[in-house]
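Read off the chains here:
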Amino acid sequence: MLGIAFVLGVLIIIPIGGADMPVVISMLNSYSGWAAAGIGFSLNNTMLIIAGSLVGSSGAILSYIMCKAMNRSFISASSWADSARPRARRRRTPPRRRSSRARPRTRRSSCRTPESVVIVPGYGLAVARAQHAVKEMAQKLIAKGVSVRYAIHPVAGRMPGHMNVLLAEAEVPYDQVFEMEDINSEFGTTDVALVLGANDVVNPLAHEKGSPIYGMPIIEANKARTVLVNKRSMAAGYAGLDNPLFYMDKTMMVFGDAKKVVEDMVKALE
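Predicted, not measured: the structure shown is a model, and the values here were computed from it.

**Q** Sorry if this is basic, but what is going on with the overall build of the protein chain here?
**A** Within the protein chain, the regular secondary structure consists of 10 helices and 7 strands. Classification of the 270 residues of the protein chain by burial places 47% in the buried group. Within the protein chain, counting contacts between residues at least 6 apart in sequence, those at least 24 apart form 76% of the total. For the protein chain, the exposed surface amounts to about 13900 Å²; the carbon and sulfur share of it is 57%.

**Q** Would you mind showing me how to read unusual backbone geometry here?
**A** Most peptide bonds are trans, and most residues other than glycine sit at a negative phi. Here the phi dihedral of Asn 44 falls at roughly 55°; this positive angle occurs in a residue that is not glycine. Assignment of secondary structure puts Asn 44 in the loop between α2 (22-43) and α3 (46-69). Take Asn 44: its relative accessible area is 70%, and that puts it in the exposed class. With a phi angle near 55°, Arg 129 is a residue other than glycine that sits in the positive phi range. Relative to the helices and strands, Arg 129 resides in the loop between α6 (123-128) and α7 (131-143).

**Q** I'm lost on the pairing of strand β5 (residues 192-196) in this one. Help?
**A** Of all the 5 residues making up β5, 5 are buried; the element is thus mostly covered by neighbouring parts of the structure. Here β5 shows two buried faces, one formed by Val 192, Leu 194 and Leu 196 and the other by Ala 193 and Val 195.

**Q** Honestly, helix α8 (residues 162-169) in this entry has me stumped. Any pointers?
**A** Residues that lie three or four places apart on an α-helix share one face, since the helix turns once every 3.6 residues. Listing the buried residues of α8 in full gives His 162, Met 163, Leu 166 and Leu 167. What you see down the axis of α8 is that its buried residues fit within an arc of 125°, all on one side. Buried residues along α8 sit against β2 (116-121), α6, α7, β3 (147-152) and β4 (177-179).

**Q** Help me out: how do you make sense of the pattern of salt bridges in this one?
**A** Any two side chains of opposite charge can pair if their charged atoms end up close together. Summed over the entire model, instances satisfying the criterion amount to 5 salt bridges. A salt bridge links Arg 232 to Asp 257; its shortest N-O distance comes to 3.0 Å. Here Arg 232, found in the loop between β6 (226-231) and β7 (251-255), pairs with Asp 257, found in the loop between β7 and α10 (258-269); they are 25 residues apart in sequence, far enough to count as distant. The partner of Asp 264 in a salt bridge is Lys 260, and the shortest N-O contact between them spans 3.5 Å. Of this pair, Asp 264 and Lys 260 both sit in helix α10, 4 residues apart, which is roughly one turn of the helix. A residue is classified by how much of its surface remains accessible, and Asp 264, at 27% relative accessible area, is partly exposed. Residue classification places Lys 260 among the exposed residues on the basis of a relative accessible area of 51%.

Criteria and cut-off values
- Residues numbered from 1 in each chain as written.
- Predicted model: local features only at pLDDT ≥ 70, side-chain atom pairs only at ≥ 80, totals over all residues.
- Heavy atoms only, no water.
- Helix = DSSP H or I, 4+ residues; strand = E, 2+ residues; numbered from the N terminus.
- Buried < 20%, exposed > 50% of the residue type's maximum accessible area, 1.4 Å probe, protein only.
- Contact = heavy atoms within 4.5 Å.
- Areas by Shrake-Rupley, 256 points an atom, 1.4 Å probe, with all protein chains shown as cover.
- Arc of directions from axis to C-beta.
- Salt bridge = Lys/Arg side-chain N within 4 Å of Asp/Glu carboxyl O.

Quick look at the structure:
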């Protein structure tokens, strides 16, 4: 039974790659719930049946929501149906390109001069627990007359709604938070797009046929006049893909912990 369970688990996970990878987490949560419900029937334990059914159904619904947000069907995201697609790992070795690294002076000018800023939070912001620092920075920008908004991708982070929860924890006003489909049309007139720890959800490769993430809706930060990206390194995200956004002439990279970087920006604004 142990051997069969191991083989089954491996075979279920192997087909999932690229930006479909977050589906694995919610799908396994769902499986664990159904397993608990099955044990509940075996032991005639009503509590296990109810709890397992709730976990299993919520995990399945979450998987469906994630697939819908990425414009993918659940079957193609969780089976061999898409095995003919180019695998993400083939693109892990990026061409020899250089990214523009922003210096403190550049960061200061980028925060002081724009009339509009759109902040795109990602998992890097969550890891650094930088949501409170981001809110403080936004308040200082607003005090200077800058329009500040937040662009939320449905699957940014580890699960749908992850970024919404973080911003709500920091008490960011709801009228400043916009879903992807509501904010994308505004990037063409946005002075600065500040990307904090996001990768796949802002990757322009989603618009290129043949890409492993082709067809996935993204936040179109690449259309802003200036893009400021904060990451710990140039490492790829979930999909294992190089991101052309990082190499655009209008993009400046700021490497380091998101909380420390944002706090430095706050000091520069003062």
